[in-house]
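# Inside the fold
The residues making up each chain are set out below.
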Amino acid sequence: MTAITEFVSYQAEGSVGVVTINNPPVNALSVGVRVGIKGGIEAANADASVTSVVIVCAGRTFIAGADIKEFGKPPQSPSLHEVIGAIETSSKPVVAAIHGTALGGGLETALGCHYRVADKGAKVGLPEVKLGILPGAGGTQRLPRVVGVPMALQMITSGTPIGAKKALEVGLIDEIAGDDLKASAMAFAQKVVDENRPLVKISDRDDKLQEARDNPAMFDEFRKSIARKTRNFEAPENCIKAVQASVDLPFPEGIKRERELFMELMTGEQSISQRYFFFAERQAAKIPDVPKNTPLIDINSAGIIGAGTMGGGIAMNFLQAGIPVKMVETSQEGLDKGIEIIRTNYAATVSKGRMSQDAMDKCMSILSGTINLEDIKDVDIVIEAIFENMEVKKEIFGKLDKICKPGAILATNTSTLDIDEIGEATSRPESVIGLHFFSPANVMKLLEEVRTKKTSKTVMASCMALAKRIGKIPAMVGVCEGFVGNRILHRRSEQSTNLIMEGALPQDVDRVLFDFGLPMGPFAMSDLAGNDVGWRIRQGKGTTSPIADAICELGRFGQKTGSGYYLYKDGSRTPTPDPIVEDIVLKASKDAGIERREISDDEILKRCIYPMINEGAKILEEGIASRPSDIDVIWVYGYGWPIYRGGPMRYADSIGLENVYNTLLEYQEKFGDEFKPAPLLERLVKEGKTFAEA
Ligand SMILES: NC(=O)c1ccc[n+]([C@@H]2O[C@H](COP(=O)([O-])OP(=O)(O)OC[C@H]3O[C@@H](n4cnc5c(N)ncnc54)[C@H](O)[C@@H]3O)[C@@H](O)[C@H]2O)c1
């Protein structure tokens, strides 16, 4: 075997030259890999003993993509284009042997090969769009030539990979391998030689492009079909334009166009934010003061207390991960109802074809219930999800302390209560942690984990690992009112209420925030969650909020009652502005002696967003979140902050902290101290730094 570079070797095996890539963990296309592949192909072409070439990867996967660490750095030769060119122009047929995932540059490399053989479990795709870019090494020009334009558009704009079976069906791979991938690929290469098959380059093919040439309207139809999902994103449109170029232009010019469209995205704010977020998400899983090798608690069973809205959703996450769940309720009736809702939810998913009946049966078979708390004495983790009341929660935790086995994790799903205090209700506060799921808990990706002053490192590390197992994105925060997500949300709620008192209408505020990229504005969100929730909390605390209270007094609790800040006609989920609400708003301003004024969209946006950023700065200063990027992860996954704006803290960095600071000072002068810039923000502005550099 000849080592071409540190990561790539070449060996003649019989009449097949085998180029092996070994760059753990995912065989990313770093410069050493690129040099090696090119060298390997050259070696095979120069080796008179071989008639064909196989490119195969060691380890758990084929090339899973570009080396994202090289992004933004000066390019190093050879470029991936050159490497793929060398493969495609090889005088001997080249076969890619794919296992694991061939993604991005990995699939583009495989598309440079003359044939592709894949393991039955392999997945192939071009996920670049998820980083705000497009496949820039010929992917947008070669893929449509292999699978046709409709399929290529689908794969490139969604970034979702397809499995080997589908890939075979659409012609993206030529054969599914037997148990030994390398042997199958070598046999395939031999067959190509034996049958004297022509050396067809994908770049020369254009039979699959004809359908789009005959029907150019398909591009606009496709645009329409993804418009809602890709609202405000720039990358999908450039992906479509690039695929369109594969149809309209000869291959070399198509490649040039792909390059232009790629560079446009690469240097744009959206992809900078999306690439930032890629790292933010991975970073959030690590807790600075918890070492990587912290021993973990084995979690193989869960007890969930409360089979209500949250308890049911939380249970589904565990069941789908194969972890048995025992639900606890106060009555058999409540328990049956809770379990029935889980069953109905699964059945709906099955009927939509998104889950197999078999998978549903498996989930239901590991779900059980009890009305006796003692029955969860042996579980590895307990998650309490009963109604929000400190005294009752403390009582439950006191009982759990007596019942549960030593070392069990005792978690609460509270949204607002002091978890330090809940921990003190036990003799083992080190085992107590907050696991704040978001509603609907079986859907929302975020898991805000809340450490108390005493939560042990083992418990924290175990809950981070658990999040991954149950398909959640975790971020660890400390105890404070509303934790990180809701504490920041409250700042926005205050301002949206003030804005409508001063002159805007709910639909103005909602439109501005929707256009900014959030899934909905604060008033539509309140209608969705139920306006009565806040009303009852205010009643309990003896506080008032004139507009919100007046809306609730009319029984307008939101979507569930057909009206709230908006009307929802005939069970529709589409909010329609309602003159009655406008009257309520105008009257509230008048009663408060406020002279209403015209409020610009710009002011609405800044009034809502800048106090959120300011609160984020306070949260960082207090050490409640360890990194600005953790706050961003919470807002993207918990509240739908547009990923192309990175999260509130990254957004602040992108528009300039000085701008945020100066506007806050101006508002402080006009509206009061709620806008007073946080000391951290002030310091960073003085030092000319960003949050990321804090
Ligand atoms: N609903 C949300 O959007 C949301 C989001 C995040 C967190 N939370 C938190 O989750 C918790 C539960 O909220 P929810 O919306 O699911 O409430 P819910 O009213 O839908 O469900 C609570 C359930 O707990 C049961 N219960 C009450 N006391 C019990 C006891 N002693 N033993 C066993 N079961 C008991 C009730 O019968 C009820 O079924 C609260 O702490 C809430 O703050 C809610």
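Residues numbered from 1 in each chain as written. Predicted model: local features only at pLDDT ≥ 70, side-chain atom pairs only at ≥ 80, totals over all residues. Heavy atoms only, no water.

## Examining the domain arrangement of the protein chain
To be explicit about the condition: Domain delimitation follows an automatic or database domain assignment.
Parsing the protein chain into structural domains produces domain 1 (2–266), domain 2 (302–481), domain 3 (504–591) and domain 4 (601–687). Using C-alpha coordinates to define each centre, domain 2 is positioned 31 Å away from domain 3.

## Focus: the environment of Gly36
Spelled out, the test is: Secondary structure elements are defined from DSSP: runs of H or I of at least 4 residues count as helices, runs of E of at least 2 residues count as strands, and each element is numbered from the N terminus. Only protein chains enter the accessibility calculation, which uses a 1.4 Å probe; a residue is then buried when its area is under 20% of its type maximum, exposed when over 50%, and partly exposed in between. By the convention used here, residues are in contact when the closest approach between their heavy atoms is within 4.5 Å.
Looking at where Gly36 falls in the secondary structure, it is placed in helix H1 (residues 31–46). Its relative accessible area of 0% is what places Gly36 among the buried residues. When sequence neighbours within four positions are dropped, the list of residues in contact with Gly36 reads Ile4, Thr5 and Val8.

## Description of the sheet that holds strand E14 (residues 381–384)
Stated formally: Two strands qualify as a pair provided DSSP detects at least 2 bridges between them. To obtain an axis, a line is fitted to C-alpha atoms, over the contacting stretch when the element is a helix, and the angle between two such axes runs from 0 to 180 degrees between their N-to-C directions.
Pairing is mixed across the open sheet formed by 8 strands, whose spatial order is E13-E12-E11-E14-E15-E16-E17-E18. For this open sheet the edge positions go to strand E13 (367–370) and strand E18 (473–478), each flanked by a neighbour on one side alone. Here the average twist between neighbouring strands, direction ignored, is 25°. In this sheet, E13 lies alongside strand E12 (residues 325–328) in parallel orientation, the contact comprising 4 bridges.

## What about the packing of aromatic side chains?
The condition is simple: In this analysis, rings of Phe, Tyr and Trp, with Trp reduced to its six-membered ring, are considered paired at centre separations within 6.5 Å, and the interplanar angle assigns stacked below 30 degrees, edge-to-face beyond 60, and tilted for intermediate values. Only when the NZ atom of a Lys or the CZ atom of an Arg is both within 6 Å of the ring centre and within 35 degrees of the ring normal do we say a charge sits over the ring.
Tallied over the entire structure, the rule returns 15 aromatic pairs. Pairing Tyr667 with Phe675 gives two aromatic rings, centres 5.3 Å apart and planes at 65°, and the pair type is edge-to-face. Neither Tyr667 nor Phe675 differs from the other in exposure class; each is buried. Feature note: the residues Phe438, Phe516, Trp635, Tyr639, Trp641 and Tyr651 constitute an aromatic cluster, connected by ring pairs. In this structure, Arg282 is placed above the aromatic ring of Phe278, and the distance from its NZ or CZ to the ring centre is 3.7 Å. Here Arg607 stacks its cationic end above the ring of Phe671, 4.1 Å away from the centre of that ring.

## Focus on the sheet that holds strand E8 (residues 123–125)
Note: strands within a sheet are paired through backbone hydrogen bonds, in either parallel or antiparallel orientation. Taken in spatial order, the 3 strands of this open sheet run E6-E8-E9, and their pairing is mixed. A single partner strand is all that each edge strand has here, and the edge strands are strand E6 (101–103) and strand E9 (162–163). When E8 meets E9, the two strands line up antiparallel, connected through 2 bridges. Directly across from Lys123, in E9, lies its bridge partner Gly163. In the packing of helix H3 (residues 105–112) onto the sheet, contacts are made with E6 and E8, and the angle to E6 comes to roughly 90°.

## Considerations on the site of the ligand
What counts, and what does not: One heavy atom suffices: a residue is near a molecule or strand as soon as one of its heavy atoms comes within 4 Å of it. Pairing of N or O atoms within 3.5 Å defines a polar contact, subject to two protein rules: one partner must be a possible hydrogen donor and the other a possible acceptor, and residues neighboring in sequence count only if both atoms are side-chain atoms. Accessible surface is estimated by sampling points in the Shrake-Rupley manner with a 1.4 Å probe; for residues, cover comes only from the protein chains shown.
The local shell around the ligand holds 20 residues, among which Met310, Glu329, Glu388, Lys393 and Asn413 are the closest. Here an oxygen atom of the ligand and a side-chain polar atom of Glu329 are 2.5 Å apart. Between the ligand and the protein, one listed contact pairs an oxygen atom with a backbone N or O atom of Ile386 at 3.2 Å. Protein chains shield 72% of the accessible area of the ligand, which is 830 Å² for the free molecule. Contributing elements (two or more residues each) for the shell around the ligand: helix H13 (309–320), helix H16 (390–403) and strand E16 (432–437).

## Considerations on the side chain of His436
On the secondary structure map, His436 appears in strand E16. For His436, a relative accessible area of 4% corresponds to the buried category. Beyond its immediate stretch of four places on either side in the chain, His436 contacts Asn413, Thr414, Ser415, Leu446, Leu447, Glu448, Phe483 and Asn486.

## Focus: the pattern of salt bridges
Here is the rule: The rule for a salt bridge is simple: a side-chain nitrogen of Lys or Arg has to be within 4 Å of a carboxyl oxygen of Asp or Glu.
Overall, the coordinates contain 47 salt bridges when judged by the stated rule. The salt bridge involving Lys38 is made with Glu42; its shortest N-O contact spans 3.6 Å. In this pair, Lys38 and Glu42 both sit in helix H1, 4 residues apart, roughly one turn of the helix. Judged by relative accessible area, Lys38 falls into the partly exposed class, the value being 24%. Residue class for Glu42 comes out partly exposed when judged on its relative accessible area of 46%. A salt bridge links Glu666 to Lys670; its shortest N-O distance comes to 3.6 Å.

## A word on the packing of helix H25 (residues 601–621) against helix H27 (residues 648–655)
For any two helices packed against each other, one specifies the crossing angle of their axes together with the interaxial distance. Put simply, the test is: Roughly parallel refers to an angle under 35 degrees, roughly antiparallel to one over 145, roughly perpendicular to one between 65 and 115, and oblique to any angle outside these ranges. Handedness of each helix crossing follows the sense of rotation of the near helix against the far helix: counterclockwise by less than a right angle gives left-handed, clockwise gives right-handed.
Two numbers describe how H25 lies on H27: the axes approach to 9 Å, and their chain directions differ by 110°. With respect to each other, H25 and H27 are oriented roughly perpendicular. Crossing hand, H25 versus H27: left-handed. Residue-level contacts link Leu605, Ile609, Tyr610, Ile613, Gly616, Ala617 and Leu620 of H25 to Pro648, Met649, Tyr651, Ala652 and Ile655 of H27.

## Quick look at the side chain of Asn413
Along the chain, Asn413 falls in the loop between strand E15 (409–412) and helix H17 (419–424). By relative accessible area, Asn413 is classed as buried at 6%. Of the polar contacts made by the side chain of Asn413, one reaches the backbone nitrogen of Phe437; its length is 2.9 Å.

## Structural notes on the pairing of strand E11 (residues 302–305)
Test applied: Seen with the strands pointing away from the viewer, any crossover whose path from the first strand over the helix to the second strand runs clockwise is right-handed.
Because side chains alternate across E11, one face comprises the buried residues Ala302 and Ile304, and the other comprises Gly303 and Ile305, equally buried. Where E11 lies against E14, 4 bridges are found, and the strand directions are parallel. What sits directly across from Ile304, in E14, is Ile383. In this fold, E11 hands off to H13, which returns the chain to E12; that crossover is right-handed.

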